[in-house]
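Chains, contacts and geometry: an overview
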Amino acid sequence: MTTLAFDDEGVDVVYEGTEFRLEKELIEEATEKSYYDVTDHEVLKIVAEQPNLRGEPRRVGDILD
């Protein structure tokens, strides 16, 4: 299971028991989008090869509101 915790500077990730941080700039570079326009599903795709994408994707900007 993968856990994502978003804030204005990036995402704290727990992936298969390993904790790490994805900085906002890295996410923007990987997706070629503004951080606030990236969806949680896009972040999951950065983290996992075959993520379990459940539910509707949510923009980081909406999550942080």
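Procedures and definitions
- Residues numbered from 1 in each chain as written.
- Predicted model: local features only at pLDDT ≥ 70, side-chain atom pairs only at ≥ 80, totals over all residues.
- Heavy atoms only, no water.
- Helix = DSSP H or I, 4+ residues; strand = E, 2+ residues; numbered from the N terminus.
- Buried < 20%, exposed > 50% of the residue type's maximum accessible area, 1.4 Å probe, protein only.
- Contact = heavy atoms within 4.5 Å.
- Phe/Tyr/Trp six-rings, centres within 6.5 Å; stacked < 30°, edge-to-face > 60°.
- Polar contact = N/O pair within 3.5 Å; in protein donor to acceptor, adjacent residues only side chain to side chain.
- Pairing = 2+ DSSP bridges.
- Arc of directions from axis to C-beta.

**Some details on the environment of Gly55**
- As for its placement among the helices and strands, Gly55 is situated in the loop between helix 2 (40–47) and helix 3 (60–64).
- On the basis of relative accessibility, which here comes to 59%, the residue Gly55 falls in the exposed class.

**Let's talk about the side chain of His41**
- Secondary-structure assignment places His41 in helix 2.
- When residues no more than four places from it in sequence are discounted, the contact partners of His41 are Leu53, Arg54, Gly55, Glu56 and Pro57.

**Focus on the packing of aromatic side chains**
- In this structure the tally under the stated criterion is 1 aromatic pair.
- Ring plane angle 70 degrees and centroid distance 5.3 Å describe the contact between Tyr35 and Tyr36, whose orientation is recorded as edge-to-face.
- Residue Tyr35 is classed as buried on the basis of its relative accessible area, which comes to 0%.

**Considering the environment of Thr31**
- Here Thr31 shows up in helix 1 (residues 24–31).
- Sequence separation between Thr31 and Thr18 is 13 residues, and the spatial gap between their C-alpha atoms is 23 Å.
- A polar atom in the side chain of Thr31 sits 2.8 Å from the backbone oxygen of Ile27.

**Re the pairing of strand 3 (residues 18–23)**
- Bridge count for strand 2 (residues 10–15) against strand 3 is 6 bridges, and the pairing is antiparallel. In the strand pairing of strand 3, Asp12 is matched with Arg21.
- If you look at the hairpin formed by strand 2 and strand 3, you'll find 2 residues sitting between the two strands, and Glu16 has a positive phi there, around 50 degrees.

**Section: helix 2**
- Of the residues making up helix 2, those classed as buried are Asp40, His41, Val43, Leu44 and Val47. Considered in projection along helix 2, the buried side chains sweep an arc of 160 degrees and stay on one side of the axis.
- Close packing links the buried residues of helix 2 with strand 1 (2–7), strand 2, strand 3, helix 1 and helix 3.

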